[in-house]
Amino acid sequence: MWRSATICLVIVMLYGLQGCGTTVSPGQRGLRWYPLTEGLTTETLKSGFYWRAPWNDIYVYDVRLQSYTEMVDALSSDDLLVKLKAAIIMRPIAEEVYFLAQEIGPDFYPRVVKPELLAAVRSVVSNYPMVVVPEKSAEIASKVQAVVVEKLKGRHLDVHSVALADIELARIVLEAVERK
């Protein structure tokens, strides 16, 4: 009887401790969340295992380079549709994760970066005639990157690069070129 009660107590304790720890993997940073006392702490946790009470939490942010790809429909300077794929490689700044969490949150890409990227691509492509977009894609990408970096200044994000690929020109122009 005594032995079965001890085993049951150990099982209950282990079950209770199951959710009392969080692992922050290499390439990630964590922030402690104490909802009953101080809220979100400014201390950034590096990789490792961290004990916590069941009512507290640790928010984990990936600070490695991340790639996001978007299909963009843009109008050229001659008002013709250009479809292209824009890729951005970026990451949160590890030392500024607390400020990123406070100002934007973990969904920083769809809330802030994606709209800025799409707007920058459309803005820069609109300065070029449609037929030169494929040959000047590297130049356009560097201008898009400059615009995105300027727009994201102070947002606690580091833009590594922007690239353009899979450029599709309007069918009307392609058919006209084939007829010539």
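Above: the structure in question.
The numbering scheme is per chain: residues are counted from 1 as the chain's sequence reads. Per-residue local features are limited, in this predicted model, to residues with pLDDT of at least 70; the limit for side-chain atom pairs, both in listing and counting, is 80 or more; totals at the level of whole chains, interfaces and linings are taken over all residues. Working from all heavy atoms in the structure, the side-chain values ignore hydrogens and water.

This part covers the pattern of salt bridges. Salt bridges are identified by distance alone: a Lys or Arg side-chain nitrogen within 4 Å of an Asp or Glu carboxyl oxygen. For the structure on display, the rule yields seven salt bridges. The residue Arg91 makes a salt bridge to Asp158 at a minimum N-O spacing of 3.7 Å. Of this pair, Arg91 sits in strand β7 (residues 81–92) while Asp158 sits in strand β8 (residues 157–168), and the two are 67 residues apart along the sequence. Think of it in three bands: residues with accessible area under 20% of the maximum for their type are buried, residues over 50% are exposed, and the middle band is partly exposed, with areas taken using a 1.4 Å probe on protein chains only. Of the residues examined, Arg91 reaches a relative accessible area of 33% and is grouped as partly exposed. In this structure, Lys143 engages Glu139 in a salt bridge whose closest nitrogen and oxygen atoms are separated by 3.6 Å. One end of the pair, Lys143, and the other, Glu139, are both in helix α4 (residues 137–151), four residues apart, so they sit about a helical turn from each other. Accessibility expressed as a relative area gives 32% for Glu139, which makes it partly exposed. A run of DSSP states H or I qualifies as a helix once it reaches four residues; a run of E qualifies as a strand once it reaches two. Both are numbered from the N-terminal end.

Moving on to the sheet that holds strand β5 (residues 57–62). Pairing between sheet strands relies on hydrogen bonds along the backbone, with the strands arranged either parallel or antiparallel. Pairs of strands are assigned from DSSP output, requiring at least two bridges between the strands. Taken in spatial order, the three strands line up as β3-β2-β5 in an open sheet, and their pairing is antiparallel. Of all strands in the sheet, those bounded by a partner on one side alone are β3 (39–45) and β5. Averaged over all pairs of adjacent strands, the angle between their axes in this sheet comes to 25°, without regard to strand direction. In this structure, strand β2 (residues 28–34) lies alongside β3, joined through four bridges in antiparallel fashion. Bridging from a neighbouring strand, Gly30 pairs with Leu45 of β3. Each axis is a line fitted through C-alpha atoms, taken for helices only over the stretch in contact, and angles between the N-to-C directions span 0 to 180 degrees.

Each Phe, Tyr or Trp ring (for Trp, its six-membered ring) is paired with any other whose centre lies within 6.5 Å, and the angle between the two planes then decides the class: stacked below 30 degrees, edge-to-face above 60, tilted in between. Applying the stated rule across the entire model yields four aromatic pairs. On the basis of an interplanar angle of 10° and a centroid distance of 4.0 Å, the ring pair of Tyr68 and Tyr109 is categorised as stacked. Taken as a pair, Tyr68 in strand β6 (residues 66–75) and Tyr109 in helix α3 (residues 108–125) lie far apart in primary sequence, 41 residues in all. Taking the centre distance of 5.4 Å and the plane angle of 75° together, the rings of Tyr98 and Phe99 count as edge-to-face. With relative accessibility at 16%, the residue Tyr98 sits in the buried group. Using a relative accessible area of 41% as the deciding quantity, one classes Phe99 as partly exposed.

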